[in-house]
Amino acid sequence: LAKTTQPISMDSYEGQEVNITCSHNNIATNDYITWYQQFPSQGPRFIIQGYKTKVTNEVASLFIPADRKSSTLSLPRVSLSDTAVYYCLVGDKGGGFKTIFGAGTRLFVKA
Amino acid sequence: EAGVVQSPRYKIIEKKQPVAFWCNPISGHNTLYWYLQNLGQGPELLIRYENEEAVDDSQLPKDRFSAERLKGVDSTLKIQPAELGDSAVYLCASSGRTSGRSPQGNEQFFGPGTRLTVL
């Protein structure tokens, strides 16, 4: 299983773009990269998933370089409500798919 | 569409007592997960079901924990007897074959969790 490493915490201000980078040096060929967001007293919520290059949805963008050994979650113009824990996961949907969340990155958005 | 339902939301018990948590996944989702989350840490997978079959229970402490999903729909996670170290949030999640916005079709939808306190 590919292990992921992310910063423990980050601070930002409202309106700024936030980039959270995740390292996954041992990512396997079939692995996808998935990000979840978790607010206090709630379960995690899916944000975005990708395999290579760039993926964008209404919430975030995910940048994955060619070697796929890292990925960056980009949150455009954050607001106070984006204060949460963000988890990077790497895994394959095949028969042995496992979900390992790690400790995540605590993002704190200030006014 | 209703989300993943869990009950109870909170449970306080004394050590050595039994406790059970219930989860009703999103309708049509064949995969069900139980996680444990300690304060300040990410969720840890306890068991994953594909329909009624437990396909990954390698992280489930089988001496005191058990789970079932008899008809492939709702599920129960039990601890007997509970220990002080079992105090945590127990999360249930589900996913379907073409689940959500994930290109892999494996977006997990989580319930609100059950917060267990063992005294």
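Structural notes, computed from the coordinates. (Residues numbered from 1 in each chain as written. Chains lettered and ligands numbered in written order. Predicted model: local features only at pLDDT ≥ 70, side-chain atom pairs only at ≥ 80, totals over all residues. Heavy atoms only, no water.)

### So, the interface of chain A and chain B
Okay, step 1: Each partner contributes residues to the interface: chain A has 23 residues there, and chain B has 25 residues.
Okay, step 2: In total, about 1900 Å² of surface goes out of reach between chain A and chain B, with carbon and sulfur atoms giving 43% of it.
Okay, step 3: Counting the contacts that link chain A with chain B gives zero salt bridges.
Okay, step 4: The tally of links between chain A and chain B comes to four residue pairs in polar contact (both at pLDDT 80 or more).
Okay, step 5: Those elements that provide at least two residues to the side of chain A that touches chain B are β3 (32-38), β4 (45-50) and β8 (84-91) of chain A.
Okay, step 6: Classifying every residue of the side of chain A that touches chain B by side-chain character gives nine nonpolar, nine polar and five charged. (Contact = heavy atoms within 4.5 Å. Buried area = accessible area lost by both parts, 1.4 Å probe. Salt bridge = Lys/Arg side-chain N within 4 Å of Asp/Glu carboxyl O. Polar contact = N/O pair within 3.5 Å; in protein donor to acceptor, adjacent residues only side chain to side chain. Helix = DSSP H or I, 4+ residues; strand = E, 2+ residues; numbered from the N terminus. Nonpolar A, V, L, I, M, F, W, Y, C, P; charged D, E, K, R; others polar.)

### Regarding the sheet that holds β3(A)
Residues and elements named next belong to chain A.
Okay, step 1: Pairing is mixed in the open sheet, where five strands are placed in the order β1-β9-β8-β3-β4. Across the chains shown, the open sheet's two edge strands, defined by having one partner strand only, are β1 (9-13) and β4. Going from strand to strand, the sheet's axes swing by 25° on average, the running direction of each strand aside.
Okay, step 2: Pairing of β3 with β8, which is carried by seven bridges, proceeds in the antiparallel orientation. In the sheet register, Q38 faces β8, and the bridge partner there is V85. (Pairing = 2+ DSSP bridges. Axes fitted to C-alpha atoms, helices over the stretch in contact; angles between N-to-C directions.)

### Thoughts on the environment of F108(A)
Okay, step 1: Summarising the element assignment, F108(A) is placed in strand β9 (residues 105-110).
Okay, step 2: Filtering out sequence-adjacent residues up to four positions away, F108(A) remains in contact with M10(A), D11(A), S12(A) and T83(A).

### Section: the sheet that holds strand β3 (residues 19-24) of chain B
All names here are of chain B.
Okay, step 1: Reading across from one edge, β1-β3-β8-β7 is the order of the four strands in this open sheet, with antiparallel pairing throughout. Each end of this open sheet is capped by a strand with a single partner; those strands are β1 (5-7) and β7 (65-68). Strand-to-strand twist in this sheet, taken as the mean axis angle between neighbours without regard to direction, amounts to 15°.
Okay, step 2: As paired strands, β3 and strand β8 (residues 75-79) are joined by five bridges and run antiparallel to one another. Paired with C23 across the two strands is S75, which belongs to β8.

### Things to note about the packing of aromatic side chains
Aromatic rings considered in pairs are described by the distance between their centres and by the relative angle of their planes.
Okay, step 1: Scanning the model with the defined rule gives eleven aromatic pairs over all chains in all.
Okay, step 2: Measuring from centroid to centroid gives 5.4 Å for Y87(A) and F101(A), while their planes differ by 85°, and the two rings are edge-to-face. One end of the pair, Y87(A), is in strand β8; the other, F101(A), is in the loop between β8 and β9, and 14 residues separate them in sequence.
Okay, step 3: The buried category is assigned to F101(A), whose relative accessible area is 0%.
Okay, step 4: Measuring from centroid to centroid gives 4.8 Å for F21(B) and Y90(B), while their planes differ by 25°, and the two rings are stacked. You can see F21(B) sitting in strand β3 and its partner Y90(B) sitting in strand β9 (residues 88-95), a full 69 residues away along the chain.
Okay, step 5: Owing to a relative accessible area of 0%, Y90(B) belongs among the buried residues under this scheme. (Phe/Tyr/Trp six-rings, centres within 6.5 Å; stacked < 30°, edge-to-face > 60°. Buried < 20%, exposed > 50% of the residue type's maximum accessible area, 1.4 Å probe, protein only.)

### Focus on the state of the cysteines
Okay, step 1: Inspection of every chain in the model, using the stated rule, returns two disulfides over all chains.
Okay, step 2: A sulfur-sulfur distance of 2.2 Å marks the disulfide that ties C22(A) to C88(A). Judged by the torsion about the S-S bond (-80°), the C22(A)/C88(A) disulfide is left-handed. On the criterion of sequence distance, the pair formed by C22(A) in strand β2 (residues 18-23) and C88(A) in strand β8 is long-range, its members being 66 residues apart.
Okay, step 3: What makes C22(A) buried here is its relative accessible area of 0%.
Okay, step 4: Between C23(B) and C92(B) runs a disulfide, and the two sulfur atoms are separated by 1.9 Å. (Disulfide = S-S within 2.5 Å.)

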